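The lines below spell out each chain.
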Amino acid sequence: MIYREAGVFKTSYEADMALLPIPMDKYFVIGVTVFALFVVPLIGNEYWLGSILVPVLILSIAAIGLNILTGYAGQVSLGTGAFMAAGAYMGYKFVTAFPDINIVAGILAGGVSSALIGIVFGAPSLRIKGFYLAVTTLAAQFFLIWLFQKQPWFVNYSISGVPTAPPREIFGFLVTGAEASATARYVFVAVFTIVLALVARNLVRGRVGRTWMAIRDMDIAAELIGIKPLQTKLSAFAISSFYCGVAGALWAFCYINTVEPSAFDINRSFQILFMVIVGGLGSILGSFLGAAFIFTLPIFLNNFFGVIGLDVSTATIRHIEFMVFGGLIVFFLIVEPHGLARLWALAKEKLRMWPFPY
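Residues numbered from 1 in each chain as written. Predicted model: local features only at pLDDT ≥ 70, side-chain atom pairs only at ≥ 80, totals over all residues. Heavy atoms only, no water.

Draft legend 1. Inspection of the overall build of the chain at higher detail. Tallying secondary structure elements over the chain gives 14 helices and four strands in all. For the chain, the spread of C-alpha atoms along the principal axes amounts to about 60 × 50 × 45 Å. Here the chain holds 358 residues, and the buried ones make up 49% of them. Summarising the internal contacts of the chain: among those between residues at least 6 apart in sequence, 77% fall at separations of at least 24. Summed over all atoms, the accessible surface of the chain reaches about 17,300 Å², with 70% contributed by carbon and sulfur. Of the charged side chains in the chain, 22 are positive and 17 negative, and the gap between their average positions amounts to 8 Å. (Helix = DSSP H or I, 4+ residues; strand = E, 2+ residues; numbered from the N terminus. Buried < 20%, exposed > 50% of the residue type's maximum accessible area, 1.4 Å probe, protein only. Contact = heavy atoms within 4.5 Å. Areas by Shrake-Rupley, 256 points an atom, 1.4 Å probe, with all protein chains shown as cover. Lys, Arg positive; Asp, Glu negative; His and termini not counted. Charge placed at Lys NZ, Arg CZ, Asp CG, Glu CD.)

Put into structure tokens, the structure is as follows:
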């Protein structure tokens with residue numbers, strides 16, 4: 001249900017969520033920021049910083065982008081990997097075409113390019129929705145990956161077709177390229193993640209976010225009270241694609257150190273979708289929880305059987321991963337649609353009232 005109060009659009013979903021404890025309050029955000037920027041680099045080793053935390057943070061940015069589009073605006077997308085690829089390839093073009101450009105500007109330029117592409121493929125959302133919109137974004141996935149593979153201009157006519165990300169510095173510290181330290185790459189990615197998460201948090205709590213949720217809950221009623229569907233849906237596609245484009249550029253520059261299409265295939269799109277479902281639709285915190293859970297679960301399974309002394313083949317472990325992912329998705333869709341973020345909120349409420357629940 002959508003209603004208007006004091007000139008501000010509200011939805012029944014917001015009223016329900018307002019009853020829950022806010023998991024990302026001011027003190028929580030400050031504490032997490034300080035811990036992530038100043039404590040983790042001191043206690044983390046090269047493996048944890050470069051191989052675990054960096055990809056988890058980057059995937060969290062992509063999950064936030066998809067959550068904006070699907071969780072808050074209600075528009076289905078299966079082209080997240082393609083928008084990440086657009087950010088990676090266009091970011092690479094900007095950085096190599098203008099060698100003196102700041103790496104931050106190059107990554108943001110890749111995000112803006114991805115946003116423009118997202119607007120193009122999001123335009124049909126005014127006329128189609130649901131399954132048909134998902135097919136449209138799936139077409140974007142295949143078309144964009146094909147384009148980046150077949151046009152050598154995007155990789156500066158590299159013979160291999162997989163160029164290496166150029167090394168760039170920030171304040172004298174190398175933050176991209178194979179020679180950059182894991183600590184420098186982690187701090188660089190963490191700053192991006194924190195800033196983008198705070199921007200998304202303010203967007204979804206403001207007027208823009210309310211219009212997204214109004215369109216998601218009941219688009220016809222939202223249009224009747226003055227919300228413009230095309231403008232609202234395209235803004236969701238643009239901002240979502242921008243986040244995915246930035247994530248793709250960071251993935252190429254700060255994690256795999258190359259720009260390759262296989263890193264952004266259809267499996268990447270489904271992986272980000274699983275993160276949003278498991279973490280919680282319509283939750284910024286859920287994007288982080290889902291990214292951390294989905295990325296670390298295969299690592300846990302690969303080490304778990306060895307720890308308990310079972311000799312399980314890699315192929316079997318891979319099949320177990322698929323079964324666990326499928327079971328978790330069914331569980332969260334049926335039992336807890338708001339995902340890990342909802343479970344976290346309930347756990348906090350239980351602990352707050354313990355040991356006297358009344």
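Following the structure, the description resumes.
Draft legend 2. Local environment of the environment of Arg185. Mapped onto the fold, Arg185 is located in helix α7 (residues 182-205). Taking the C-alpha atoms as reference points, Arg185 and Leu49, 136 residues apart in sequence, are found 8.3 Å from one another. Once you skip the residues sitting within four places of it in the chain, Arg185 turns out to touch Gly50, Val54, Val175, Gly177, Ala180, Cys254 and Tyr255. Reaching out from Arg185, the side chain makes a polar contact with the backbone oxygen of Ala180 at a distance of 3.5 Å. Here the side chain of Arg185 touches Cys254 through a polar contact of 2.8 Å, landing on its backbone oxygen. (Polar contact = N/O pair within 3.5 Å; in protein donor to acceptor, adjacent residues only side chain to side chain.)

Draft legend 3. Region of the structure containing the packing of helix α5 (residues 103-122) against helix α10 (residues 229-255). At a minimum axis distance of 6 Å, the contact between α5 and α10 shows a crossing angle of 140°. Of the possible angle classes, the one that applies to α5 and α10 is oblique. Our pair here, α5 against α10, has a crossing hand that is right-handed. Of α10, the residues touching α5 (which contributes Ile103, Ile107, Leu108, Gly111, Val112, Ser114, Ala115, Gly118, Ile119 and Gly122) are Leu234, Phe237, Ala238, Ser241, Phe242, Gly245, Val246, Ala249, Leu250 and Phe253. When the residues that make up the contact of α5 with α10 are grouped by side-chain class, the tally is 14 nonpolar, six polar and no charged. (Axes fitted to C-alpha atoms, helices over the stretch in contact; angles between N-to-C directions. Parallel < 35°, antiparallel > 145°, perpendicular 65-115°, else oblique. Left-handed = near helix turned anticlockwise from the far one by under 90°. Nonpolar A, V, L, I, M, F, W, Y, C, P; charged D, E, K, R; others polar.)

Draft legend 4. View of the pattern of salt bridges. Counting across every chain of the model gives two salt bridges. A salt bridge links Glu321 to Arg318; the shortest N-O distance between them is 3.0 Å. Of this pair, Glu321 and Arg318 both sit in helix α13 (residues 314-334), three residues apart, which is roughly one turn of that helix. According to the relative accessible area criterion, Glu321 is buried, its value standing at 4%. (Salt bridge = Lys/Arg side-chain N within 4 Å of Asp/Glu carboxyl O.)

Draft legend 5. Region of interest: the nonpolar core. Membership of the largest hydrophobic core comes to 94 residues, with the highest contact counts inside it found for Phe188, Leu250 and Phe253. Sorting elements by how many residues they give to this core places helix α3 (residues 46-72) first, with 15 residues. When near neighbours in sequence (up to four residues on either side) are disregarded, Phe188 contacts Ile103, Val104, Ile107, Ile170, Val175, Leu250 and Cys254. (Core = buried A, V, L, I, M, F, W, Y, C linked by side-chain atoms within 4.5 Å.)

Draft legend 6. Layout of the confidence of the model for the chain. When the pLDDT values of the chain are averaged, the result is 85; 92% of them are 70 or greater. pLDDT under 50 marks residues 5-24. Its contacts with residues more than four places away, or in other chains, come to 45 contacts. (pLDDT = per-residue confidence, 0-100.)

Draft legend 7. Structural context of the packing of helix α11 (residues 266-279) against helix α12 (residues 284-307). At their nearest, the axes of α11 and α12 sit 7 Å apart, and the two run at 120° to each other. Relative to α12, the element α11 lies oblique. As α11 runs across α12, the sense of the crossing is right-handed. Of the residues in α12, those in contact with Gln271, Phe274, Met275, Val278 and Gly279 of α11 are Gly286, Gly290, Ala291, Phe293 and Ile294.

Draft legend 8. Expanded view of a nonpolar patch on the surface. Taken together, Ile30, Val34, Phe35, Phe38, Val39, Leu42 and Ile43 make up a surface patch of nonpolar side chains, about 730 Å² in accessible area. Residue placement: Ile43 occurs in helix α2 (residues 26-43). Given the relative accessible area of 63%, Ile43 is considered exposed. (Patch = residues over 30% accessible without salt bridge, like charges linked within 9 Å, V, L, I, M, F, W, Y side chains within 5 Å.)

Draft legend 9. Region of the structure containing the side chain of Gln75. Along the polypeptide, Gln75 turns up in the loop between α3 and α4 (80-97). The buried category is assigned to Gln75, whose relative accessible area is 5%. In this structure the side chain of Gln75 is engaged in a polar contact, spanning 3.0 Å, whose partner is the backbone oxygen of Ala73. Apart from the residues lying within four places of it in its own chain, the contact partners of Gln75 are Leu69, Thr70, Ser125, Leu133, Ile215, Lys233 and Phe237.

Draft legend 10. Spatial organisation of the side chain of Asn67. Along the polypeptide, Asn67 turns up in helix α3. Classification of Asn67 by relative accessible area gives buried; the value is 0%. With sequence-adjacent residues up to four places away left out, Asn67 is seen in contact with Tyr72, Val276, Gly280, Leu281, Gly282, Ser283 and Ser287.

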